[in-house]
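Examining the three-dimensional arrangement
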Amino acid sequence: MFRIQLKRLREEAGESQYSFAKKFGVAQSTIGNWESGTREPNLDSISRLADYFGVTVDYLLGRPSAPPVQREEVPPLLASLIASFKELNAEGQERLVEQADDMVQSGKYKKTASPKVGKAANE
């Protein structure tokens, strides 16, 4: 599907393979190979092509439009922990995980369940 989208976008822009290749900074044979399906561009080239034509990479690849994935916001404290974890070597990462496991196992640092509304605290 990519090769079809590329050719259609190039032709809609009124470009020949040669003129487009010159503007895009590749050989005309590269464009020809991409459009014939003989070769495929690398990720950087696909991204540049999408930017050049003002379309998404998904559109260029012929993928159906889908709503963006909703990502859960990472709380600042967790983001800080993740950043620190990434800075550690393998041994440090293992020790940090062990310490976290120990803290959870001790029960002292575990979150407590919120009381249920309308129920007695002892139930």
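Refer to the structure above for everything that follows.
Residues numbered from 1 in each chain as written. Predicted model: local features only at pLDDT ≥ 70, side-chain atom pairs only at ≥ 80, totals over all residues. Heavy atoms only, no water.

This next bit is on the packing of helix α1 (residues 2-12) against helix α3 (residues 28-36). Orientation of α1 relative to α3, taken along the N-to-C sense of each, is 125°, at an axis distance of 7 Å. Taken together, the axes of α1 and α3 lie oblique to each other. When α1 is examined against α3, the residues F2, R3, L6, K7 and R10 are found in contact with a partner set consisting of I31, W34, E35 and S36. (Axes fitted to C-alpha atoms, helices over the stretch in contact; angles between N-to-C directions. Helix = DSSP H or I, 4+ residues; strand = E, 2+ residues; numbered from the N terminus. Parallel < 35°, antiparallel > 145°, perpendicular 65-115°, else oblique. Contact = heavy atoms within 4.5 Å.)

The next point concerns the layout of surface pockets. Gaps left between atoms are located by rolling a probe of water-molecule size over the structure's atoms. Here the largest pocket defines a volume of roughly 410 Å³. If you go around the largest pocket, the residues you meet are L77, L78, L81, F85, L96, V97, Q99, A100, M103, V104, Y109 and K110. Of all elements in the fold, only α6 (76-87) and α7 (90-106) reach the threshold of two or more residues within the lining of the largest pocket. Within the lining of the largest pocket, the residues separate by chemical class into 10 nonpolar, one polar and one charged. (1 Å grid on protein atoms, 1.4 Å probe; cavity = no way out; pocket = protein on both sides within 12 Å on 5 of 7 lines; lining within 4 Å. Points joined across faces, edges and corners; volume = space filled by probe spheres on them. Nonpolar A, V, L, I, M, F, W, Y, C, P; charged D, E, K, R; others polar.)

All right, on to a nonpolar patch on the surface then. On the surface, V74, L78, L81 and I82 cluster together to form a nonpolar patch covering roughly 320 Å² of accessible area. Mapped onto the elements of the fold, V74 is located in the loop between α5 (57-60) and α6. (Patch = residues over 30% accessible without salt bridge, like charges linked within 9 Å, V, L, I, M, F, W, Y side chains within 5 Å. Areas by Shrake-Rupley, 256 points an atom, 1.4 Å probe, with all protein chains shown as cover. Salt bridge = Lys/Arg side-chain N within 4 Å of Asp/Glu carboxyl O.)

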